[in-house]
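Secondary and tertiary structure notes
These are the residues of each chain, in order.
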Amino acid sequence: MEDRQSTAVMSPVRNIAEILPTHTAALFDAAVKRAAELLRTGEVVALPTETVYGLAANALDAAAVARIFAVKGRPAHNPIIIHVCDLAMARRFAGKWPETAEKLARSFWPGPLTLVLPRTKEIPDIVTAGGSTVGVRWPSHPFMQAVIRECGFPLAAPSANPSNFLSPTNAQHVQSTLGDRIKLIVDGGQSQVGIESTVVDVTTTPPALLRPGMIHVESLAAALGETGLRSANSTSGETLKSPGQLKKHYSPNARLRILSWKDDTDLRRQLIALGAEVSRTQVVVYSAIPALPGLGGVSVIPHDAEAYARALYAELHRCDNEGAEWIVVESLPEGPEWQAIGDRLRRAAS
Ligand code: TXA
Ligand code: MG
């Protein structure tokens, strides 16, 4: 009897989020209606986007946005980007619309690009962390677009993970980390880009790259033409313009190292030097597939930047789920298309 009582106390009934599928037209429409209904009443819901899953709330409702901060455990000084469903909505919430915003929006929206713009008063302070700018993105994911259109207001949405943890790229990732803190997760499939959007500050001339993403510097520079692009380095003496770009970010639970090795013997030697137990180590590679006996696991990701980005977070989540103590990632190829992936891996390793 006593045993039962203590069990009841130790495992309270947890509120587990409902997951709504969207793979038929009818399910898609029903999920749009349900998500919009919750968003209109000030709830926070997890929604799919093409980059990563977002934790969304009505961007014009300060109390709703406060819930996002609470659910994520996000520090109040880190601003949240707003998501719109067309150019008109983007321009309406931007205090100014510079020529550079026009060029980048025409080239890359809808898509994985966030523009930091002057804000209007309609955007509550909590969204911008009290700052004078607001990050705006028009996502390409059809579900996100449909919900914003149905709501008629922009959606504030950071990635749907506890602060500093890896971003989710499918509904299960959200369920396993935030499922007991929210009512609804919409399952829109695997995120097609797989890492967070490129963030560009267009309030300065030339614009500044605040966070690299799969729309890389060369594409941005080509779209901007003569104006060019400045690369803001958050580790320099400059003011921290993108607070989310703190060095430690995007981390799995396991310790992560980026290594290159000649052969299995060399890999084993490096694991021993790290103090990593071979059986508790997962290795993520695109070319140097190890055959080291006793390894915890090996994942092979295609040697193609877009496919790699799409798969990366899901692999890191899987390594964590398998109880890895260490994740060893093969060092990346050179080239602009690998820059954002390298950025995320270096943060995960710090
Ligand atoms: O792909 C994405 O951007 C995803 C999906 C859900 O849209 N969202 C996302 O949000 O990654 P979050 O909050 O995890 O990352 C947004 C980044 C943070 O580094 C934040 O500090 C920065 O953008 N940011 C937001 N508003 C800003 C502003 N007004 N000025 C400078 N940086 C800003
Ligand atoms: Mg995030």
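Residue numbers here run from 1 along each chain, matching the order of that chain's written sequence. Whichever chain is written first becomes A and whichever ligand is written first becomes 1, with later ones labelled in order. In keeping with the predicted nature of the model, local features appear solely for residues at pLDDT of at least 70, side-chain atom pairs appear and are counted solely at 80 or more, and the whole-chain, interface and lining totals rest on all residues. As a rule here, side-chain values cover all heavy atoms of the structure and leave hydrogens and water aside.

1. Let's talk about the packing of aromatic side chains
In this description, an aromatic ring pair is defined by two values, namely the gap between the centres and the angle between the planes. Ring pairs shown here join Phe, Tyr and Trp side chains whose ring centres sit within 6.5 Å, with only the six-membered ring taken for Trp; geometry is labelled stacked below 30 degrees between planes, edge-to-face above 60, and tilted in between. This model, assessed by the stated rule, comprises five aromatic pairs. Judged by centre distance (6.2 Å) and plane angle (35 degrees), the ring pair of Tyr286 and Trp338 falls under tilted. Taken together, the positions of Tyr286 in the loop between strand E13 (281–285) and strand E14 (297–300) and Trp338 in the loop between strand E15 (326–330) and helix H12 (339–349) put the pair 52 residues apart, joining distant regions of the chain. Given the relative accessible area of 14%, Tyr286 is considered buried. Taken together, a centroid distance of 5.3 Å and an interplanar angle of 70 degrees make the contact between Tyr308 and Trp338 edge-to-face. With Tyr308 in helix H11 (residues 305–321) and Trp338 in the loop between E15 and H12, the pair connects residues that are 30 residues apart, well separated along the chain. A run of H or I in DSSP becomes a helix once it reaches four residues, and a run of E becomes a strand once it reaches two; helices and strands are each numbered from the N terminus. The cut-offs for exposure are 20% and 50% of the maximum accessible area for each residue type, with area from a 1.4 Å probe on protein chains only; residues under the lower value are buried, those over the upper are exposed, and the others partly exposed.

2. A look at the packing of helix H2 (residues 25–40) against helix H7 (residues 142–151)
When two helices pack together, their arrangement is given by the angle between the helix axes and by the axis-to-axis distance. Simply put, an axis is a line fit to the C-alpha atoms, just over the touching stretch for a helix, and the angle between two N-to-C directions goes from 0 to 180 degrees. Between H2 and H7, the shortest axis-to-axis distance is 9 Å and the interhelical angle comes to 50 degrees. Considered as vectors, H2 and H7 are oriented oblique to each other. When you trace H2 past H7, the crossing you get is right-handed. Contact residues: Phe28, Ala31, Val32, Ala35, Ala36, Leu39 and Arg40 in H2; Pro142, Phe143, Ala146, Val147, Glu150 and Cys151 in H7. As a working rule, the residues Ala, Val, Leu, Ile, Met, Phe, Trp, Tyr, Cys and Pro are called nonpolar, Asp, Glu, Lys and Arg charged, and the rest polar, with Gly in that last group. When the residues that make up the contact of H2 with H7 are grouped by side-chain class, the tally is eleven nonpolar, no polar and two charged. Comment on the angle field: the value is read as roughly parallel under 35 degrees, roughly antiparallel over 145, roughly perpendicular from 65 to 115, and oblique elsewhere. For any pair of crossing helices, the crossing counts as left-handed if the nearer helix is rotated counterclockwise from the farther one by less than a right angle, and right-handed if it is rotated clockwise. The contact criterion used is simple: two residues touch if any of their non-hydrogen atoms lie within 4.5 Å.

3. Looking at the sheet that holds strand E12 (residues 255–259)
Pairing between strands is defined by DSSP: at least two bridges between the two strands are required. Strand order across the open sheet formed by four strands is E12-E15-E13-E14, with parallel pairing between neighbours. The outermost strands of the open sheet, each flanked by one partner alone, are E12 and E14. Looking at each pair of strands side by side, their axes are set apart by 20 degrees on average, direction ignored. Strand direction decides the pairing type here: E13 and E15, joined by four bridges, are parallel.

4. Brief notes about the environment of Thr114
Within the fold, Thr114 resides in strand E5 (residues 113–118). Thr114 gets classed as buried once you look at its relative accessible area, which sits at 0%. Beyond its immediate chain neighbours, meaning those up to four positions away, Thr114 contacts Ile81, Gly135, Val136, Arg137, Ser197, Thr198, Val199 and Val200.

5. Some details on unusual backbone geometry
Geometrically, the link from Trp109 to Pro110 is a cis peptide bond, its omega value of -10 degrees lying close to zero. Locating Pro110 in the fold gives a position in the loop between helix H5 (99–108) and E5. Of note, the amide linkage connecting Thr205 to Pro206 takes the cis form, showing an omega dihedral of -10 degrees. Here Pro206 lies in the loop between strand E9 (198–201) and strand E10 (208–211). Even without being a glycine, Ala129 presents a positive backbone phi close to 55 degrees. Positive phi, close to 75 degrees, is recorded for Asn164, a residue that is not glycine. Assignment of secondary structure puts Asn164 in the loop between strand E7 (155–156) and helix H8 (171–178).

6. Here's the deal with the pattern of salt bridges
The working definition used for a salt bridge is a side-chain nitrogen of Lys or Arg within 4 Å of a carboxyl oxygen of Asp or Glu. In the structure shown here, the tally under the stated rule is 17 salt bridges. Notably, a salt bridge pairs Arg269 with Asp266, separated by 2.5 Å at the nearest N-O pair. In this pair, Arg269 and Asp266 both sit in helix H10 (residues 264–274), three residues apart, roughly one turn of the helix. We classify Asp266 as buried; its relative accessible area is 8%. Through salt bridges that share partners, Glu196, Asp343, Arg344 and Arg347 make up one connected network.

7. Quick look at the site of ligand 1
Close to ligand 1 lie 24 residues, the nearest being Thr51, Arg74, Asn78, His83 and Ser197. Think of a polar contact as two N or O atoms within 3.5 Å of one another; within protein, one of them needs to be a possible hydrogen donor and the other a possible acceptor, and neighboring residues in sequence only count if both atoms come from side chains. A distance of 2.8 Å is found between an oxygen atom of ligand 1 and a side-chain nitrogen or oxygen belonging to Arg74. Contacts to ligand 1 include Asn78, whose side-chain N or O atom sits 2.6 Å from an oxygen atom. Expressed as a share of its isolated accessible area of 670 Å², the protein-covered part of ligand 1 is 97%. A molecule or strand has a residue near it when one of that residue's heavy atoms lies within 4 Å. Each accessible area is a Shrake-Rupley result for a 1.4 Å probe, and residues are judged covered by the shown protein chains and nothing else.

8. A few points about the nonpolar core
The biggest cluster of nonpolar side chains holds 69 residues, and the ones touching the most others in it are Leu47, Trp97, Trp109 and Leu115. Those residues in contact with Leu47 that lie beyond four places of it in its chain are Ala35, Leu39, Tyr53, Gly54, Ala56, Phe143, Met144, Val147, Leu155 and Val186. We define a nonpolar core as any set of buried Ala, Val, Leu, Ile, Met, Phe, Trp, Tyr and Cys residues linked to one another through side-chain atoms lying within 4.5 Å. If you look at the next biggest cluster of nonpolar residues, it comprises 28 residues, including Ile301, Leu312, Ala324 and Trp338.

9. With respect to the environment of Pro158
Counting through the fold element by element, Pro158 comes out in the loop between E7 and H8. Classification of Pro158 by relative accessible area gives buried; the value is 7%. Sequence spacing of Pro158 and Ile81 is 77 residues, and the spatial spacing of their C-alpha atoms is 6.6 Å. Setting aside residues up to four positions removed in sequence, Pro158 forms contacts with Tyr53, Gly54, Leu55, Ile68, Lys72, Arg74 and Ile80.

10. Looking at the pairing of E5
The buried fraction of E5 is high, at six of six residues. With four bridges joining them, E5 and E9 adopt parallel strand pairing. Among the inter-strand pairings, Thr114 is bridged to a residue of E9, identified as Val199. Two elements, E5 and strand E6 (residues 133–137), share five bridges in a ladder whose sense is antiparallel. In the sheet register, Leu115 faces E6, and the bridge partner there is Val136.

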